[in-house]
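# An overview of the molecular structure
Letter by letter, the chains look like this.
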Amino acid sequence: MLKAAVLHPCDDQDGVLFDSIVDCEIGRDTDAGHARFAQYVTSKTVSQLNDAVEHFQSVLDQYPVDHPDRAAALTNLAWVRLIGYIRKDFQDIDSVTSLFRDALALRPEGHPDHPLSLYYLTKALTWRYLKEGTVVHIHESAQLYCKLLPLCPEGTYLRGIAVGENGVDYVIRACNNRPTDASDEGIHLRRIVLQLCPPGHQNRPDALNKLSRALQLRFQQCGSIDDIDESIRVGREAVSICPEEHTSRATSLNNLGLSLRLRFDHQRGSHDLDEATCVYEEALRMCPVGHETRYKSLNRLGGALHVRFTQRGDVDDISKAISLCREALMSSPPGHPDHDTMLNNLAVTLNIRYDNLDVSEDLDEAINLYRESLRLTRLDDPDRHRNLYNLSSVLCSRFTKTQKNEDIEEAIRLCQESLEALPSLHPDRHFSYMWLQEAYLSRYRVQRKSTDLPLAVENFRLASQHPTEGFPERIKEAIDWARQAEVYQHESALEAYQICLELFDNHVMTRSSIISRREAATTFHGAQSLPVDAASCAIRRDNLRQAVELVEQGRGQQWSLASRLRTPLEDLESTSPELARKLSELRKGLSDAQGSAASTDRAAADRAATEYRRLTRQWDAAVAQIRNLRAFSRFLLPLSYNDLQAAARHGPVIIFVASQYSCSALVIPTSGDPHHVHFPRITLTHLKRLKGDFAKAIKHSAGMRPEEKRKDLRELLRVVWDEIMLPIVDVLERGLTLQRRSRIWLCPTADFTSIPLHAANSFRMNADDSGPEYCLEDIYICSYTPTLSALIRAQQSMEEPVLPSFVAIGQGQPGVGQGKALLAVDDELDLVCSLVPTTANPTTISGDNATRAGALEALQRNTWVHLACHGKQDHEQPYNSHFAMRDTPLTLLDIMEQDIPHAEFAFLSACHTAVGDEETPDEVIHLAAGLQFSGFKSVIGTLWEVDDSVAKHVVTAFYEKMFEDLEDGGVMDCTKAAQALNHATYVVKKKVPLEQRIVFIHIGV
């Protein structure tokens, strides 16, 4: 059998790097091939190269396919042909790579010469790339190096040549010098190159930045949030491994800043904009005047500041942004490759100042800059579409000002051209639709051309539903669509509202924490009134059922998103145990990720948010499977009117709609369609004034003696009776024939939430002087509910009886900064416990034991709770609203994170426990609603400050009524709370002043 002696490669690429086969004729041919090749290397005579090839080909021809030395013969022939190709004496590289591939196939993983064959093939591919510049070859070479390097131990000869200047380092540099390619293959190459640059490798910063940039570009083309998340993560690492003096730090900072800016534009997370601004500021400090890339840092910081101006309105930001962009333009004069980009970006900044501050000279300058930028931009420039719609936007602004027809015609043409330049799913088509809509609408406003309004609406529709643009921009467009449709009374208004609320839900659902969801909900100007405006629109179109659905969908958003992680799965378990188990596991994962996302470490928070989105996609897929099951088609979808009507099973629910377009009420009966009650003399302006007057009257009453009549307050309550509640009572009595002393539930929205509707009273005598006229609480037992869904959940959870246990929690000496001492708290706790039946095992927690942790534990362990302490509503961040404890406050967020399904009743003898959040569409975020969400079915809360010296009279009367029949064998029943409160406020009339009687409200069952 012939033996093969392998000659190991040396780092001289022209050296003898062969397998030598020694035996008989094959051996003679092999030796002759070596000799001729050695002569060729020295003399560069092509005839000797041809002789060497002929000898090695003869050797290969004599070996059968399965001969153990065939791989060596293939390698010898391939190598001499490769050297001939390198020296330009051969042109055929395809046969060379084929020979090396055949040799590698005969030396699979585990073969002792497998690493050597990998190395030979990488050399051939690398030289082919060097000659032809075909990216596929350097890509494959990089992939092979990923396999080769782990097989080359440190100190071995093969590793020395594989990692040298002409080895993997060349491949890395070649890949890093390639233009950014956002294709899947291009990004795959960037990942491979990064794999070739382990931590500590000199080229790792460049590899990280190249991958980050490719991901940015793919995000800009396709809109996948996963790409920009990864780009940020990779960018953070690049910055972290570049110390201040590192040559790549400024590049890494600018790269990270761009990724953060792109994510901010897509998701509107304020922390991203703040971090991007800081990163750009540091990058600019590293580029002093005269630095070749200073203009880029100036431009990027200017861009971040003009965006921050649009978010926060600080004029210094836009002034500084313009100054930076002017300097960037001066630093890239005509002829500079980025001159057109700097022109465009200065124009954008001037345009923003014009739109917000009406600096008239900015408009013409912006138009001139845009025109020059467009003139300089190549027709095949991938960003040219932005120049087109940017110029369109300022021409549209000038048309509004001058009404010159040529401006609007050009604006429309430019937007149409921008759309023609973009593929159907490019994210920027959204902006082309948006500015085309603006152009058509502007022309309609001026010329009243009948075809323009439908064209504007169609582009509103396309912009708001463009799938690859981020939710924030689509929501802004949908809000504008709804507003304009209202102005011009277009039939699409209701469609616009529906899309608004759907987009809003989807956007907020992407946020991984309760706090960030509220941040997302407060970002959009005008969004606070969306649910009530949508309901008003449906009412004006006589679609009362849809009005109920829309107001519920918009206002219950925060609670609905949180409660989806607590949806009972018993029915699903009986139908599909596997899907129920899967959903239960995902629910736990989402709950855990939700907590992690609150980290103050931005990188850790980003990782948690990415994990949350991954789990959310799995959750959505599981929910889609569940909806395919019989009887589960509406699983976790917004409730229909038929579902929502379950809230009225024990009495009508009245939704109060406070919209800029109309103020009215919807009465939901136990069965049948809703009833509409219009308030002809109440507008939103009147309602806001009434709200302010109540606040003044309550404050004034607090300084009066108990026996003094509260004339201002009585007058306001008379207005509430005459203009709001009396028309509703008329419908209840005549339309629904509701019996006196029946229960009703009030569901106020917007400014109605700040008005004590339950206390409506004419304060007039009957015509026959037989006594005072009936007030609302004489006629009906009033309760409140934050939303219909909240009441339904509370009713459903009442179906499982529980053994009562009662705790009274009080804190009269709260911790530092939480309020003054409350001297009557301990007496109130003793009083309450004396009134509670011994079967409930009443206990108290007060003083040093009434801490945040102690209160939370008590809430979890008891079914009935009485809380006597300071309560504070935080208007800046309502989830920080809290009860004052001995150490740190017990916040609404703390309460919401608890799941207490067996809880029944809570009496909140504290201030401001039922006052909501005015900044979001979901203004029912308050302490009482939080307790209800965590599991308490029936809650007594307060609308304003409580005087603890007189509150005890209400508390005494309430509990006496609540437990009056227990001696006769009755059971503690939280559904009696509304009636007990109604009784208590009536019997203490002579002891307690008006504002301290009506401060208490009942929420829930």
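The preceding data block contains the structure.
All of the points below concern the structure found in this document. (Residues numbered from 1 in each chain as written. Predicted model: local features only at pLDDT ≥ 70, side-chain atom pairs only at ≥ 80, totals over all residues. Heavy atoms only, no water.)

Interaxial distance between helix α21 (residues 452–464) and helix α22 (residues 471–487) falls to 8 Å at its minimum, and their mutual angle equals 155°. Taken together, the axis directions place α21 and α22 in an arrangement best described as roughly antiparallel. The element α21 and its partner α22 pack so that their crossing is left-handed. Seen from α21, the contacting residues are Val457, Phe460, Arg461, Ala463 and Ser464; seen from α22, they are Arg474, Glu477, Ala478, Asp480, Trp481 and Gln484. (Axes fitted to C-alpha atoms, helices over the stretch in contact; angles between N-to-C directions. Helix = DSSP H or I, 4+ residues; strand = E, 2+ residues; numbered from the N terminus. Parallel < 35°, antiparallel > 145°, perpendicular 65-115°, else oblique. Left-handed = near helix turned anticlockwise from the far one by under 90°. Contact = heavy atoms within 4.5 Å.)

On the surface, a cluster of negative charge is made up of Glu570, Asp571, Glu573 and Glu800. The residue Asp571 is located in helix α28 (residues 570–575) in this model. (Patch = residues over 30% accessible without salt bridge, like charges linked within 9 Å, V, L, I, M, F, W, Y side chains within 5 Å. Areas by Shrake-Rupley, 256 points an atom, 1.4 Å probe, with all protein chains shown as cover. Salt bridge = Lys/Arg side-chain N within 4 Å of Asp/Glu carboxyl O. Lys, Arg positive; Asp, Glu negative; His and termini not counted. Charge placed at Lys NZ, Arg CZ, Asp CG, Glu CD.)

Moving on: the sheet that holds strand β13 (residues 890–891). Spatial ordering of the open sheet is given by β11-β12-β13, a layout of 3 strands whose pairing is antiparallel. Here the strands that pair on one side only, and so sit at the sheet edges, are β11 (871–872) and β13. Where strand β12 (residues 882–883) lies against β13, 2 bridges are found, and the strand directions are antiparallel. Each bridged residue has a counterpart across the sheet, and for Phe883 the counterpart in β13 is Leu890. (Pairing = 2+ DSSP bridges.)

Further remarks concern the pairing of strand β10 (residues 864–868). A large share of β10 lies buried, amounting to 5 of its 5 residues. As paired elements, strand β8 (residues 806–810) and β10 share 5 bridges and run parallel to each other. Along β10, the bridge assignment pairs Gly810 with Ala868. (Buried < 20%, exposed > 50% of the residue type's maximum accessible area, 1.4 Å probe, protein only.)

Under the criterion given, the structure shown has 20 aromatic pairs. Between Phe460 and Trp481, the ring centres sit 6.4 Å apart and the planes meet at 5°, which makes this aromatic pair stacked. Of this pair, Phe460 sits in helix α21 while Trp481 sits in helix α22, and the two are 21 residues apart along the sequence. Residue classification places Phe460 among the buried positions, given a relative accessible area of 1%. (Phe/Tyr/Trp six-rings, centres within 6.5 Å; stacked < 30°, edge-to-face > 60°.)

Looking now at the pattern of salt bridges. By the definition in use, this model includes 65 salt bridges. The closest approach of N and O atoms between Arg461 and Glu495, which form a salt bridge, is 2.8 Å. Taken together, the residues Arg461 in helix α21 and Glu495 in helix α23 (residues 493–509) connect sequence positions 34 residues apart. Under the relative-accessibility criterion, Glu495 is labelled partly exposed at 28%. In this structure, Glu733 and Arg740 form a salt bridge, with 2.7 Å as the shortest nitrogen-oxygen distance. Judged by relative accessible area, which is 30%, Glu733 ranks as partly exposed. Arg740 sits in the partly exposed class, given a relative accessible area of 43%.

Here the focus is helix α5 (residues 114–132). For an α-helix, the turn length of 3.6 residues means that residues three or four places apart are oriented alike. The end-to-end C-alpha separation of α5 is 27 Å, in line with the 27 Å expected for 19 residues at 1.5 Å each. Burial within α5 is extensive, with 16 of its 19 residues counted as buried. Just downstream of α5, Gly133 is the residue with a positive phi angle, here 70°. (Expected span 1.5 Å × (residues − 1).)

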